[in-house]
Amino acid sequence: MGVLVGKDTRLVVSGITGREGSFHALNNRKYGTNVVAGVTPGKGGQDVEGIPVFNTIADSVKEAGANTSMLFVPPRFAVDAIYEAADSGVEVIICITEGIPAHDMLLAYHYVKEKGVRLVGPNCPGVCTVGEANVGIMPAHIFTPGSVGLVSRSGTLTYQLGKELSDMGIGQSTILGIGGDPIIGTNHRDALALFEADPATDMIVMVGEIGGNEEELAAEFIKDHVTKPVIGYIAGLTAPEGKAMGHAGAIISGNSGTAQSKVDALTEAGVKVGENPTAVARLVAEARGVAVPA
Amino acid sequence: MDLYEHQGKELFARHGVNVSAGKVAYTPEEAEQAAKELGGQVVVKAQVLMGGRGKAGGIKLANDPAEAKAKAEDIIGLDIKGHVVRRLWIEDASDIDREYYFSINFDRTAKMPLLMLSTEGGMDIEEVAEKTPEKLATMHVDPVWGLRAFEARQLAFQANIDADVRNKVVAMMLQLYDAFVKEDAMLVEVNPLLITPDGEVKALDSKFSVDDNALFRHPYIAEMRDVQAQDPQEQMAHEKGVTYVKLDGEVGILGNGAGLVMSTLDVIQQAGGRPANFLDVGGGATAEEIVASLEIILSDDKVRSIFFNIFGGITRCTEVAQGIITALEQLDVQVPIVVRLDGTASEEGLKMLADANLSNVTVADTMLGAAAEAVALASGTTATV
């Protein structure tokens with residue numbers, strides 16, 4: 001179980017003949033993910049270490065039974081790949097590509113939504129249901145199977161949290177990297193709803209960061225819709241105002257989007273918030289009655 | 001990427017938006033010449049990427065070229081909230097009858113452009129929103145359809161735009177929406193949107209911010225970047241393709257991934273230190289990028305120790321280790337470095353560092369442990385200076 005990806009995932013990888021695409025497709029397969037196809041226009045009929053390559057995503061759905069699409073396509077072509085995937089019949093699209101223009105994503109977002117397809121990303125590290133399927137670029141060997149769901153905008157920070165939990169002997173159900181771009185297909189609230197509905201998840205760790213108001217909205221959502229315990233973390237407590245910190249999302253202006261306003265909103269919603277990744281893992285351990293190492 | 005007023009206006013004009021004629025000047029003499037060519041009264045306006053220019057004395061009226069030169073002398077070099085004025089925009093003076101406000105925001109939560117229109121222009125719009133919210137009309141636009149004339153008209157009625165200029169304001173909103181979409185803007189703001197006594201409608205100021213990810217299709221805008229106004233380290237980082245933000249502490253930070261680097265700044269502060277910078281080498285960093293990044297961090301002479309916080313995913317820790325080893329061979333590194341490597345190829349990376357036997361490199365197991373070590377080393381070095 002877990003959310004979005006798992007034993008039933010039949011993955012098609014767009015951009016599989018590229019250097020990064022092939023590396024991560026094979027890495028995902030090695031983890032146990034059922035990689036059924038790759039797509040590179042014009043290279044249909046070839047294969048990448050036994051994975052058949054198709055010209056279109058629709059072909060891979062028809063002929064290889066793909067139900068989940070991972071996009072490893074350069075930014076200038078990635079938005080077209082999102083449209084193609086949404087149109088192909090897959091149920092889940094995971095877009096790893098970083099650097100897609102925001103206006104392009106604005107239009108693609110509404111298209112995907114209308115099609116009723118789930119989009120994760122863009123600019124995300126992917127999704128890993130521990131022990132079942134890893135779709136994306138996460139170093140999944142640091143995760144251990146368990147029942148804590150983890151959602152985060154940031155890749156490496158997600159790994160950090162996953163490792164801190166693993167180090168304390170706390171396993172995870174699904175690690176969900178939602179991405180740091182201004183327009184993403186799945187936000188914190190969507191992720192919380194998925195984990196709330198997942199029988200394999202009994203606790204949620206939500207990692208946010210400065211900028212925007214998603215974490216505040218997530219706090220509202222937790223109050224009304226989430227019964228499972230949530231532990232929070234907000235990166236950027238000490239970030240200066242008005243400076244972009246890498247992620248397009250991570251910029252503070254005035255009082256909105258500050259780490260403190262997010263921490264306050266979460267605390268008010270009954271979420272315990274740790275001040276750093278180690279502190280978060282300790283809060284999770286305490287909440288689960290796991291002995292905390294000194 | 002934020003644009004100067006005159007650059008924004010240049011883009012406005014390309015989309016038919018009415019703006020005053022003007023010229024850029026870098027010296028008082030150029031300002032004088034510009035005023036001569038424009039003729040009549042001019043306004044000398046500081047070009048900085050910061051609001052509140054008027055209050056700071058950065059906008060002055062001049063009746064003739066000699067006066068324009070004198071005002072330019074006053075304004076050039078002025079420090080407006082940390083931004084030193086190096087560039088001026090000299091434009092035809094406008095007669096002011098009424099001042100409106102209009103903006104288009106990229107609303108990431110609603111996933112739609114958000115229009116805001118008000119008759120209360122020329123002042124801080126956040127104040128209007130707070131004190132007289134009924135005077136700020138707002139509307140979301142379906143990005144698939146774009147802004148249609150009837151919607152702009154509805155917004156104008158909602159904002160109580162005066163009847164004599166309503167059609168002209170509607171036309172300008174449509175032009176600005178066109179600019180917003182076609183130039184890949186994240187923000188377009190006109191404050192004030194000016195009405196002259198004879199009913200002319202004009203964008204008297206411009207705030208224009210363009211999506212960095214879309215600059216590849218706007219080479220013309222990409223060239224507008226004012227590299228001289230950038231901090232030299234930030235400029236170097238931009239050239240090397242890493243994200244660097246200068247801060248004012250003493251612990252240099254190098255990490256991969258924006259979230260992890262922000263978290264690293266936090267743990268440094270929690271350990272009692274102050275970060276000197278934010279530096280994100282991004283995903284899949286190569287040894288060369290590590291060397292360049294270290295060079296950028298070291299060009300800040302306040303740095304007393306450096307904390308490498310790497311969690312390998314797409315980045316391989318062996319590349320990072322090789323970068324550190326190469327950097328220490330090539331650069332004269334005096335400050336101690338604390339390294340924490342985890343994730344992809346971390347064991348091999350750590351072994352490379354151990355084999356290289358580097359005297360000023362300490363390896364730490366955990367992020368918190370490494371932070372404490374880096375802070376201790378920074379204060380230790382400071383004490384001996």
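Residues numbered from 1 in each chain as written. Chains lettered and ligands numbered in written order. Predicted model: local features only at pLDDT ≥ 70, side-chain atom pairs only at ≥ 80, totals over all residues. Heavy atoms only, no water.

1. A few points about the pairing of strand β11 (residues 172-177) of chain A
All names here are of chain A. Condition: Whether a residue is buried, partly exposed or exposed follows from its accessible area with a 1.4 Å probe, protein chains only, as a fraction of its type maximum: under 20%, in between, or over 50%, in that order. Numbering goes from the N terminus for both helices and strands, where a helix is a DSSP run of H or I of at least four residues and a strand is a run of E of at least two. Each pair of strands is called paired provided DSSP finds at least two bridges between the two strands.
Counted residue by residue, β11 has six buried out of six residues, so it is predominantly covered. Where strand β8 (residues 126-129) lies against β11, four bridges are found, and the strand directions are antiparallel. Note that in β11 the partner of Thr129 across the bridge is Thr174. Pairing between strand β10 (residues 145-152) and β11: five bridges, direction parallel. What sits directly across from Val151, in β11, is Leu176.

2. Describing the pattern of salt bridges
All names here are of chain B. To keep things clear, this is the line we draw: By definition, a salt bridge exists where a carboxyl oxygen of Asp or Glu is found within 4 Å of a side-chain nitrogen of Lys or Arg.
Here the structure, examined in full by the defined rule, presents 36 salt bridges over all chains. The residue Glu189 makes a salt bridge to Lys207 at a minimum N-O spacing of 3.4 Å. Separated by 18 residues along the polypeptide, Glu189 in strand β11 (residues 185-195) and Lys207 in strand β13 (residues 207-210) bring together distant segments of the chain. Put simply, Asp355 and Lys351 hold a salt bridge, and the shortest N to O gap is 3.0 Å. In this pair, Asp355 and Lys351 both sit in helix α12 (residues 346-356), four residues apart, roughly one turn of the helix. For the pair Asp355 and Lys351, a shared accessibility class is recorded, and that class is exposed. Residues joined by salt bridges that share partners form a network here, namely Glu5, Lys9, Lys45, Arg53, Glu91 and Asp205.

3. Remarks on the packing of aromatic side chains
Keep this limit in mind: Only the six-membered ring of Trp is used, alongside the rings of Phe and Tyr, when aromatic pairs are assigned; centres must lie within 6.5 Å, and planes under 30 degrees apart are stacked while those over 60 apart are edge-to-face, with the rest tilted. Both a distance and an angle decide whether a charge sits over a ring: NZ of Lys or CZ of Arg must be within 6 Å of the ring centre and within 35 degrees of the ring normal.
Under the defined criterion, the tally for this structure stands at four aromatic pairs over all chains. Where Tyr83 of chain A meets Tyr111 of chain A, the ring centres are 5.0 Å apart and the plane angle is 75 degrees; that geometry is what we call edge-to-face. Taken together, the positions of Tyr83 of chain A in helix α3 (residues 75-88) and Tyr111 of chain A in helix α4 (residues 102-115) put the pair 28 residues apart, joining distant regions of the chain. On the basis of relative accessibility, which here comes to 28%, the residue Tyr111 of chain A falls in the partly exposed class. Residue placement shows Arg14 of chain B over the ring face of Tyr220 of chain B; its charged tip is 3.9 Å from the ring centre. Across from the ring centre of Phe23 of chain A, 4.6 Å away, lies the NZ or CZ of Arg316 of chain B, which sits over that ring.

4. A short note on the nonpolar core
Selection criterion: Here, nonpolar core refers to any group of buried Ala, Val, Leu, Ile, Met, Phe, Trp, Tyr and Cys residues whose side-chain atoms link them within 4.5 Å. Throughout, a residue-residue contact means that at least one pair of heavy atoms, one from each residue, lies within 4.5 Å.
Ranked by size, the top nonpolar core spans 93 residues in total, and within it Ile94, Phe143, Val205 and Val284 of chain A carry the most contacts. Leaving out residues up to four positions away in the same chain, Phe143 of chain A has contacts with Cys128, Val130, Met138, Thr158, Tyr159, Gly162, Ser166, Gln172 and Ile175 of chain A. Counting 70 residues, the second largest nonpolar core, distinct from the first, contains Ala66, Ile82 and Val90 of chain A together with Val190 of chain B.

5. Observations concerning the packing of helix α5 (residues 149-158) of chain B against helix α6 (residues 166-182) of chain B
All names here are of chain B. As a reminder, the rule being used: For helices, the fitted line uses only the C-alpha atoms of the stretch in contact; every axis is such a line through C-alpha atoms, and the angle between N-to-C directions lies from 0 to 180 degrees. Note on angle classes: values under 35 degrees are labelled roughly parallel, values over 145 roughly antiparallel, values of 65 to 115 roughly perpendicular, and the remainder oblique. By convention, the crossing between two helices is left-handed when the near helix turns anticlockwise from the far helix through less than a right angle, and right-handed when the turn is clockwise. Residue polarity follows a fixed list, in which Ala, Val, Leu, Ile, Met, Phe, Trp, Tyr, Cys and Pro are nonpolar, Asp, Glu, Lys and Arg are charged, and the others, Gly among them, are polar.
One can describe the packing of α5 onto α6 by two numbers: an axis separation of 9 Å at closest approach and a directional angle of 125 degrees. When the axis of α5 is compared with that of α6, the two are oblique. Two packed elements cross with a definite hand, and for α5 against α6 that hand is right-handed. Facing Ala149, Ala152, Arg153, Leu155, Ala156 and Phe157 of α5, the residues of α6 in contact are Arg166, Val170, Met173 and Leu174. Looking at the contact of α5 with α6 residue by residue, the class counts come to eight nonpolar, no polar and two charged.

6. Description of the packing of α3 of chain A against α4 of chain A
All names here are of chain A. Remark: α3 packs on α4, axes separated minimally by 10 Å, with the N-to-C direction vectors making an angle of 5 degrees. Classified by the interaxial angle, the pair formed by α3 and α4 is roughly parallel. Of α4, the residues touching α3 (which contributes Val79, Ile82, Tyr83, Ala86 and Asp87) are Asp104, Met105, Leu107, Ala108, Tyr111, Val112 and Lys115. In the contact of α3 with α4, the residues fall into nine nonpolar, no polar and three charged.

7. Quick look at empty space enclosed by the protein
The gaps left among the atoms become clear once a water-sized probe is rolled over them. Selection rule: Cavities and pockets are found on a 1 Å grid laid over the protein atoms alone: a cavity is a set of points where a 1.4 Å probe fits but cannot escape, a pocket is an open set with protein on both sides within 12 Å along at least five of seven lines, and a lining residue has an atom within 4 Å of such a point. Grid points are joined across faces, edges and corners, and a volume is the space filled by probe spheres set on the points.
Under the counting rule described, the total for this entry stands at one cavity of 30 Å³ or more. Around the largest cavity sit 14 residues that line it, and Arg153, Asp181, Pro182 and Glu214 of chain A together with Arg108 of chain B are the ones nearest its centre. Of the residues that constitute the lining of the largest cavity, the class distribution is two nonpolar, seven polar and five charged.

8. Some words on the state of the cysteines
Residues and elements named next belong to chain A. We count it as follows: When the sulfur atoms of two cysteines come within 2.5 Å, that pair is taken as a disulfide.
Going through the model one piece at a time under the given rule, you end up with zero disulfides over all chains. Here Cys124 stays unpaired: no disulfide links it, and the sulfur of Cys95, its closest cysteine neighbor, is 7.0 Å away. Between Cys128, a cysteine without a disulfide, and Cys124, which holds the nearest cysteine sulfur, the sulfur-to-sulfur distance is 13 Å. By relative accessible area, Cys128 is classed as buried at 0%.

9. Things to note about the sheet that holds strand β14 (residues 272-274) of chain A
Read across the sheet, seven strands follow the order β9-β8-β11-β10-β12-β13-β14 (chain A) without closing on themselves; strand pairing throughout is mixed. Each edge of the open sheet is held by one strand with a lone partner, namely β9 (133-136) and β14 of chain A. Adjacent strand axes in the sheet meet at a mean angle of 20 degrees, parallel and antiparallel pairs treated alike. As paired elements, β10 of chain A and strand β12 (residues 203-209) of chain A share five bridges and run parallel to each other. What sits directly across from Val151 of chain A, in β12 of chain A, is Met206 of chain A. Of the strands in this sheet, β8 and β9 of chain A touch helix α1 (residues 19-31) of chain A, which is tilted by about 170 degrees from β9 of chain A. On top of the sheet, helix α9 (residues 258-270) of chain B reaches β12 and β13 (230-235) of chain A; it is set at about 85 degrees to β13 of chain A, its chief contact.

10. Here we look at the domain arrangement of chain A
Residues and elements named next belong to chain A. Condition: Throughout, the edges of the domains are those of an automatic or database domain assignment. Simply put, the buried area is the total loss of 1.4 Å probe accessible area from both parts when two parts are fitted together. In protein, a polar contact means a hydrogen-donor-capable atom and an acceptor-capable atom, both N or O and within 3.5 Å, with residues adjacent in sequence counting only if both atoms are side-chain atoms; elsewhere, any N or O pair within 3.5 Å suffices.
We note that the domain assignment places domain 1 (11-120) and domain 2 (143-288) within chain A. For domain 1 versus domain 2, the distance between C-alpha centres works out to 27 Å. Taken together, the contact between domain 1 and domain 2 spans eight residues of the former and 11 residues of the latter. Buried surface at the junction of domain 1 and domain 2, summed over both partners, amounts to about 750 Å²; 60% is from carbon and sulfur atoms. Summed over the three residues of domain 1 that lose the most area to domain 2, namely Tyr109, Arg118 and Val120, the buried surface amounts to 52% of that side. On the surface where domain 1 and domain 2 come into contact, there are zero salt bridges. Where domain 1 packs against domain 2, one counts two residue pairs in polar contact (both at pLDDT 80 or more). When residues of the side of domain 1 that touches domain 2 are assigned to their parent elements, the largest contribution, four residues, is made by α4. For the side of domain 1 that touches domain 2, the class distribution of residues is seven nonpolar, no polar and one charged.

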